[in-house]
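Fold and contact review
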Amino acid sequence: MLSLNLPIFPAKVKEKDGKHIIFDPVRRKYVALTPEEWVRQHFVNYLVTDKGYPKELLANEVPLKLNGTSKRCDTVAYNRFLTPLMIIEYKPPQ
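The structure presented is a predicted model; accordingly, all values stated were derived computationally and were not measured.

Here we come to the pattern of salt bridges. Evaluated as defined, the whole model comprises six salt bridges. Between Asp24 and Arg27 there is a salt bridge; the shortest N-O distance is 2.4 Å. Exposure remark for Arg27: the relative accessible area of 24% places this residue in the partly exposed category. The residue Glu61 makes a salt bridge to Arg40 at a minimum N-O spacing of 2.7 Å. Highlighted residues: Glu61 in strand β4 (residues 58–66) and Arg40 in helix α1 (residues 35–50), separated in sequence by 21 residues. Given the relative accessible area of 2%, Arg40 is considered buried. Among the charged side chains, a network of salt bridges with common partners joins Asp24, Arg27, Glu37, Arg40, Glu61 and Arg72.

The structure is reproduced here in structure tokens:
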């Protein structure tokens, strides 16, 4: 995968059925390794490791309703009262 302007971390990447997957510590499971997922995992690692943000207050792939339509945001960072502080949308690095 491409190098990013984020700290390098020991990502848990493996191959399954001919496709690469990466471990998502927030969802606690392996997910398809797409360019967008590569950015997500690096940014989540940056928030948790470098900025000290509690992993337990992050959620990935969160469904929400917006003007009567169902959407899904990439990551939501909550405060300790579980009120959303930040909604994060990731794009592939290119």
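After that view, the rundown keeps rolling.
Inspection of every chain in the model, using the stated rule, returns three aromatic pairs. Centroid distance Phe23 to Tyr30: 5.3 Å. Interplanar angle 65 degrees. Geometry classified as edge-to-face. When its relative accessible area of 24% is taken as the criterion, Phe23 is described as partly exposed. Taking the relative accessible area as the measure of exposure, Tyr30 reaches 32% and is therefore partly exposed.

What follows concerns the sheet that holds strand β1 (residues 13–16). In space, the three strands of this open sheet follow the order β1-β2-β3, with antiparallel pairing throughout. Each of the sheet's edge strands pairs with one partner strand only, and the pair in question is β1 and β3 (29–32). For this sheet, the mean inter-axis angle between neighbouring strands, taken without regard to orientation, is 45 degrees. Note: β1 against strand β2 (residues 19–24), four bridges, orientation antiparallel. Paired with Lys14 across the strands is Ile21, a residue of β2. Sitting on the sheet, α1 touches β1, β2 and β3, and the angle it makes with β2 is about 25 degrees.

A separate point is the sheet that holds strand β5 (residues 69–78). Sheet architecture is open: three strands sit in the order β4-β5-β6, paired in antiparallel fashion. Pairing within the sheet leaves two strands with one partner each, and these edge strands are β4 and β6 (84–88). Within the sheet, the average angular offset between the axes of one strand and its neighbour, ignoring direction, is 50 degrees. Where β4 meets β5, eight bridges bridge the pair, whose relative direction is antiparallel. Note that in β5 the partner of Asn60 across the bridge is Thr75. The sheet contacts of α1 involve β4, β5 and β6, and relative to β4 the element is tilted by about 115 degrees.

Scoring rules and cut-offs
Residues numbered from 1 in each chain as written. Predicted model: local features only at pLDDT ≥ 70, side-chain atom pairs only at ≥ 80, totals over all residues. Heavy atoms only, no water. Salt bridge = Lys/Arg side-chain N within 4 Å of Asp/Glu carboxyl O. Buried < 20%, exposed > 50% of the residue type's maximum accessible area, 1.4 Å probe, protein only. Helix = DSSP H or I, 4+ residues; strand = E, 2+ residues; numbered from the N terminus. Phe/Tyr/Trp six-rings, centres within 6.5 Å; stacked < 30°, edge-to-face > 60°. Pairing = 2+ DSSP bridges. Axes fitted to C-alpha atoms, helices over the stretch in contact; angles between N-to-C directions. Contact = heavy atoms within 4.5 Å.

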